[in-house]
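Residue-level listing of the chains:
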Protein chains: 2
Amino acid sequence: MLVFSRNANHEGETKKLDFPQRVIAQTNKKIDAILRGDLKILRNLSKYVVKSGGKRIRPLFLYYLGRAHHLPANDLIALGALLEIVHAASLLHDDVVDHADVRRGKPTAARLFGNKEVVLGGDHLLSTGLKYLNSLKNTHYMTVFTDAICALTEAELLQMEYQGNFATPLKIHARIVDGKTAVLFRAAGALVKILSNTQADFYHSKEAQLGELFGRYFQHRDDFLDYFDAKSLKKKGLQDFKNGIATRPLIFLRENANPHDRKILTNAWKNIQKGNVQSEAIVLSLMQKYAIEEKCRELLRKDEEEILDLLATLPEPKARGVLIHEFEKILAVRTK
Amino acid sequence: MLVFSRNANHEGETKKLDFPQRVIAQTNKKIDAILRGDLKILRNLSKYVVKSGGKRIRPLFLYYLGRAHHLPANDLIALGALLEIVHAASLLHDDVVDHADVRRGKPTAARLFGNKEVVLGGDHLLSTGLKYLNSLKNTHYMTVFTDAICALTEAELLQMEYQGNFATPLKIHARIVDGKTAVLFRAAGALVKILSNTQADFYHSKEAQLGELFGRYFQHRDDFLDYFDAKSLKKKGLQDFKNGIATRPLIFLRENANPHDRKILTNAWKNIQKGNVQSEAIVLSLMQKYAIEEKCRELLRKDEEEILDLLATLPEPKARGVLIHEFEKILAVRTK
């Protein structure tokens, strides 16, 4: 099963197997197999999860990180499918509570299937995933997943507690980012460590650290694009601002603005939820005045360097190459 | 820790420990300890779950069944608390999707805390419970709980699929009862078997069978009372009929009624959801005409006999006595 074999005879075949589109297809197939059920609504939800898919960035991250450690593809696909199922369940419940109609340019599940279906469907995704996970009979996997799910729901609750709060501290925001996004990438790193049979201290491994850094970067980049290049996400801009969610750009602006500008910003924050379109332009001009885009870009660049340094230390050059390549595709979106 | 010790010196103390109110108090304390968190909403939800409580029939069933097998109280309290947390999480999500404002005479969590809080709060209950369960490091426990949670959500989805369907077959209804209610009692039985260190085939044990029978009986009794003695549940009558949920009384009536009466019943089914108060009286008079109360009562009595026969085979007489006593208190409500 080892793909990065030195055996030249297998090279063509293995390259094909490790092609990102192929990894995504395998992941989708595995998700489908785990979620198979005889209820119509389950089949539809399963199809929706497989089809809506997004970039499958969590399974891809796990897969290439694992391949860079010479780990078997099947195990990585299975664990990646589980990460994606947990992620999908969390998105489904997030859809319901936000009354969000569109996610990344597509109508949400809540709109397509109804709130009731989505709450129960999310529950079923999660429980079916956990049942499959349990069948793998590895208590360390279970520890990583139950920790991650717990952190995920706690972060969702924390975000809800601070929703609409203009004064959300940077520290709270960091905790939300860690719990909402970084946690599943950190879990991917820990799972790779466990699969490498070096189970002790899997959370304090280089792999878990890389996952956490990558996850944080991924979220901060998303929050950055929401203000400064929403089109690249196929989203309308300032979604977070409109939803009353304070992210890094807003928090930096709030901290840097003089009292007069801060008052203007506070009013825009209050008015935008009433549908005041002018507020959007006011926020963006203040962002420009205080050079928030540059400040955020600089922080993202530092994150990128740290991540690339860690990626460079991975043992297997080909998978490392793919990970860096994929990572750079993400960078390309941002810096174009 | 063994309560049913022959040592006379401990008898007073141990009797106190095994008193149902004491078991409930210990269970509540344990639930509180498992759910402890630093978020305000979590503290409130935890309080709500502990306070709203209901009869804690699942933990009590597990406790006395376990004591009847001479099992340590601490383990039984912990597992019972977990059963109750899973049950509470399921009720929270059920509240949201039903837009139910009152459950057993109390305002629902969704009303008290908001939909958003309840979806995420339910997720957090479940994930915190699973995290604690995982820390007990018993893969058989994990199997029982993940199976149960999966069956629970599948039954909720099945019930949703058939909601409003007048022609719901008895077989589907039985599957919903098994998944929605019997499953957690069956799990209690299986957990007792696992804790007795006879892990093989814990699902095919007498204990799991007893749990399943008891759970089914408990649900059928609830459905019976909803038509024939709702006051004893502190509920308004015909809730299931009004919510478009077909239970045994309705299914029997539908099957027994002549074509003319079936047509009347079908119209009542359609009209009651539009708030037609007369429909209620029509349904009840048809129930009387076809002696549905007596038919259901007869089936419940058969279940009771089967359960009492199984209870009589339990090894420990005192705990067995309490279980039978508690069970008879349930009977008393029904047959008064």
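Residues numbered from 1 in each chain as written. Chains lettered and ligands numbered in written order. Predicted model: local features only at pLDDT ≥ 70, side-chain atom pairs only at ≥ 80, totals over all residues.

## Details of the overall build of chain A
Note the threshold: Strands are runs of DSSP state E lasting at least two residues, helices are runs of H or I lasting at least four, and both sets are numbered from the N terminus onward. Our contact criterion uses C-beta atoms placed from the backbone: two residues qualify when those atoms are within 7 Å.
Per the secondary structure count, chain A includes 16 helices and two strands. Sequence separation of 24 or more characterises 68% of the internal contacts of chain A that already satisfy a separation of 6 or more.

## Looking at the relation of the copies chain B and chain A
Each of the two chain copies goes to the other by way of a rotation about an axis and a shift along it. Stated precisely, the cut-off is as follows: Superposition of the copies was done by least squares, using only C-alpha atoms of residues whose pLDDT is at least 70 in both.
When chain B is fitted to chain A, the best match, at an RMSD of 0.0 Å, comes from turning it 180° and sliding it 0.0 Å along the axis. The superposition operator between the copies reduces to a two-fold rotation axis. Here 100% of the interface residues in chain B have copies in chain A that are interface residues too; the copies meet face to matching face.

## A look at the interface of chain B and chain A
Applied cut-off: Gly falls in the polar group here, along with every residue not listed as nonpolar (Ala, Val, Leu, Ile, Met, Phe, Trp, Tyr, Cys, Pro) or charged (Asp, Glu, Lys, Arg).
Contact with chain B, which involves 35 residues of that partner, is made by 35 residues of chain A. Looking at the side of chain B that touches chain A, the elements with two or more residues in it are helix 3 (40-52), helix 5 (73-98), helix 7 (115-135) and helix 8 (139-162) of chain B. Here the side of chain B that touches chain A takes 14 residues from helix 8 of chain B, the largest share from any one element. Grouping the amino acids of the side of chain B that touches chain A by side-chain chemistry returns 14 nonpolar, 11 polar and 10 charged.

## Quick word on unusual backbone geometry
Residue and element names in this part refer to chain A. Let me state the cut-off plainly: Three classes are used. A residue is buried when 20 or more other C-beta atoms lie within 10 Å of its own, exposed when 12 or fewer do, and partly exposed in between, with C-beta atoms placed from the backbone.
The backbone phi angle of Lys-137 is positive, close to 50°, even though this residue is not glycine. With respect to the helices, strands and loops of the structure, Lys-137 is situated in the loop between helix 7 (115-135) and helix 8 (139-162). Of note in this structure, Ala-291 is not a glycine but carries a positive phi near 50°. Here Ala-291 shows up in the loop between helix 14 (278-289) and helix 15 (292-311). Residue classification places Ala-291 among the partly exposed positions, given that 14 C-beta atoms sit within 10 Å.

## As for helix 7 of chain A
All names here are of chain A. Put simply, the test is: For a helix, the expected span equals 1.5 Å multiplied by the number of residues minus one.
Along its 21 residues, helix 7 runs 30 Å from first to last C-alpha, staying within 8% of the 30 Å computed at 1.5 Å per residue. Within helix 7, 17 of the 21 residues are buried, leaving the element largely enclosed by the surrounding structure. Looking one or two residues past helix 7, Lys-137 carries a phi angle of roughly 50°, positive in sign.

## Description of the nonpolar core
Here is the rule: In this description, a nonpolar core means buried residues of the types Ala, Val, Leu, Ile, Met, Phe, Trp, Tyr and Cys, linked to one another by C-beta atoms lying within 7 Å.
With 148 residues, the main nonpolar core has Leu191(A) and Leu191(B) as its most contacted residues. Once you skip the residues sitting within four places of it in the chain, Leu191(B) turns out to touch Leu62(B), Leu79(B), Tyr141(B) and Val144(B).

## Observations concerning the environment of Lys47(A)
For Lys47(A), the location among the structural elements is in helix 3 (residues 40-52). In this structure, the C-alpha to C-alpha distance between Lys47(A) and Ile31(A), residues 16 residues apart in sequence, is 9.6 Å.

## Describing the packing of helix 9 (residues 170-195) of chain B against helix 10 (residues 206-228) of chain B
How two helices pack is summed up by the angle between their axes together with the distance between the axes. All names here are of chain B. The cut-off we apply is this: Between the N-to-C directions of two axes lies an angle of 0 to 180 degrees, each axis being a line fitted to C-alpha atoms and, for a helix, fitted only over the stretch in contact. Geometric relationships in this document are graded by angle, where less than 35 degrees denotes roughly parallel, more than 145 denotes roughly antiparallel, 65 to 115 denotes roughly perpendicular, and other angles denote oblique. In this scheme the crossing of two helices becomes right-handed for a clockwise turn of the near helix relative to the far one and left-handed for an anticlockwise turn of less than a right angle.
Running from N to C, helix 9 and helix 10 cross one another at 150°; their axes reach a closest spacing of 7 Å. Taken together, helix 9 and helix 10 sit at an angle that is classed as roughly antiparallel. When the axes of helix 9 and helix 10 are compared, the crossing they make is right-handed.

## Regarding the packing of helix 4 (residues 57-67) of chain A against helix 9 (residues 170-195) of chain A
All names here are of chain A. Relative orientation of the contacting elements helix 4 and helix 9 amounts to 30°, with a least axis distance of 9 Å. When the axis of helix 4 is compared with that of helix 9, the two are roughly parallel. In the crossing of helix 4 with helix 9, the sense of the turn from one axis to the other is right-handed. Touching Arg-58, Phe-61, Leu-62, Leu-65 and Gly-66 of helix 4 are Leu-184, Phe-185, Ala-188, Gly-189, Leu-191, Val-192 and Leu-195, all from helix 9. Counted by class, the contact of helix 4 with helix 9 contains nine nonpolar, two polar and one charged residues.

## Remarks on the environment of Phe145(B)
Residue and element names in this part refer to chain B. Within the element layout of this structure, Phe-145 appears in helix 8. Spatially, the C-alpha atoms of Phe-145 and Lys-116 are 25 Å apart, while their sequence positions differ by 29 residues. Ignoring sequence-local partners within four residues, the contact set of Phe-145 consists of Leu-82, Val-86, Leu-133 and Ala-187.

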